[in-house]
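The lines below spell out each chain.
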Amino acid sequence: MSLIRPQMKPQHPSIWGRIRHVVLLASLLLFVAGCANDQNDDEIRGLTEAYEEAQRAVLAGNYTRGIRIYEAILARYPFSELARQIQLQLMYAYYKSGKKELAISAAETFERENPIDPRVDYALYVRGLAYFAGEAGFLERRFNRDITERPPINVDQSYAAFRRLIERYPASEYAADAQQRLRYLKDRLSQYENHVADYYLRRGAYVAALNRAKGALEQYNGSKGNARSLRIMAAAYDELGMRDLAADTRRILAANYPGDQS
């Protein structure tokens, strides 16, 4: 009998979910304790109570207490099914408590130590969320500042985690939410690449502008920034005297974005 993993029910646009725990501890803790004498029965009972207390703390939002109890149990039984379950619940508690580096580290450790575990999709999801959470800071959310001109810190790591989740576990319960976040991240990365390309264009570095815009178009095909990439490419070709390529690029732009008048 095994433990059922914690689940985060994605809610769009909020990145927050909640854990749903269904705990079947008896046979697992008997295995951990080793044999059924009176002393081990007490140990089993104590572990069960501690585990359930940690769950209640996390569900109530007392992540500090939940983390402390989970870490204590993990230190006592580091090589068991219980340890793997606690790793999953710890990464979520770390993430929810704002300890994103610890959440990422716990997720990476679980993935590395349990490469064929069916719960790796959850570790990838939490890792992607933890990187994703750093994308917009308090001031940007509070004052609705445009972040497209800011370097996308950790966005590529979040993009890689969600992409791996979708490719490796397409039927995962987390895949749909990961796909939505992936679309946002693709747009974000494309916008920043275009911002850099436009910077080069305005300063006369036409080859650099062309290469950056072309790279954004190829790497983030299907993103909202594709039209701007094509416009930058056409302008760079014009400046480089490559009239035929500029005309071809504008034909592609017109065919794919007929409403674009730039």
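Our structure is the block above this text.
These remarks concern the structure in this document. Fair warning: this is a prediction, and the values are worked out from it, not measured in the lab.

## Topic: the overall build of the protein
Scanning the protein for helices and strands turns up twelve helices and zero strands. Classification of the 262 residues of the protein by burial places 47% in the buried group. Counting contacts in the protein only where the partners sit at least 6 residues apart, residues at least 24 apart contribute 58% of the total. Put simply, the protein shows about 14,000 Å² of open surface, and 52% of that area lies on carbon and sulfur atoms.

## Topic: the pattern of salt bridges
Taken as a whole and assessed by the stated rule, the structure comprises twelve salt bridges. Between arginine 202 and aspartate 198 there is a salt bridge whose closest N-O contact spans 2.8 Å. Residue arginine 202 and its partner aspartate 198 are located together in helix α9 (residues 175–202), separated by four residues, close to a single helical turn. Aspartate 198 sits in the buried class, given a relative accessible area of 19%. Between arginine 251 and aspartate 248 there is a salt bridge, with the nearest N and O atoms lying 2.1 Å from each other. Here the residue arginine 251 and the residue aspartate 248 both occupy positions in helix α12 (residues 243–256), the gap between them amounting to three residues, near one helical turn. Exposure remark for aspartate 248: the relative accessible area of 34% places this residue in the partly exposed category. Salt bridges here are not isolated pairs; linked through shared partners, they connect Glu111, Arg127 and Arg164.

## Regarding the packing of α9 against helix α10 (residues 206–219)
When two helices pack together, you describe them by how their axes are tilted relative to each other and by the distance separating the axes. Packing of α9 against α10 leaves a shortest axis separation of 7 Å and a crossing angle of 165°. When the interaxial angle is binned, α9 and α10 end up roughly antiparallel. Crossing angle aside, the handedness with which α9 passes α10 is left-handed. For the pair α9 and α10, the contacting residues are Ser190, Tyr192, Glu193, Asn194, Val196, Ala197, Tyr200 and Leu201 in the first and Tyr206, Ala208, Ala209, Arg212, Ala213 and Ala216 in the second.

## Some details on the packing of aromatic side chains
In the structure shown here, the tally under the stated rule is eight aromatic pairs. Summarising the aromatic geometry, the rings of phenylalanine 132 and tyrosine 184 are spaced 5.6 Å apart at their centres and angled 65° between planes, so their arrangement reads as edge-to-face. Taken as a pair, phenylalanine 132 in helix α6 (residues 120–133) and tyrosine 184 in helix α9 lie far apart in primary sequence, 52 residues in all. Judged by its relative accessible area of 15%, phenylalanine 132 is buried. Taking relative accessible area as the criterion, tyrosine 184 reaches 33% and is therefore assigned partly exposed. Here the aromatic residues Tyr122, Tyr125, Phe132, Phe162, Tyr174 and Tyr184 are joined through ring pairs into a cluster of three or more. When the ring centre of phenylalanine 132 is taken as origin, the NZ or CZ atom of arginine 181, which lies over that ring, is 5.2 Å away.

Procedures and definitions
Residues numbered from 1 in each chain as written. Predicted model: local features only at pLDDT ≥ 70, side-chain atom pairs only at ≥ 80, totals over all residues. Heavy atoms only, no water. Helix = DSSP H or I, 4+ residues; strand = E, 2+ residues; numbered from the N terminus. Buried < 20%, exposed > 50% of the residue type's maximum accessible area, 1.4 Å probe, protein only. Contact = heavy atoms within 4.5 Å. Areas by Shrake-Rupley, 256 points an atom, 1.4 Å probe, with all protein chains shown as cover. Salt bridge = Lys/Arg side-chain N within 4 Å of Asp/Glu carboxyl O. Axes fitted to C-alpha atoms, helices over the stretch in contact; angles between N-to-C directions. Parallel < 35°, antiparallel > 145°, perpendicular 65-115°, else oblique. Left-handed = near helix turned anticlockwise from the far one by under 90°. Phe/Tyr/Trp six-rings, centres within 6.5 Å; stacked < 30°, edge-to-face > 60°. Lys NZ or Arg CZ within 6 Å of the ring centre and 35° of its normal.

Keep in mind these numbers describe shape, not what the thing actually does.
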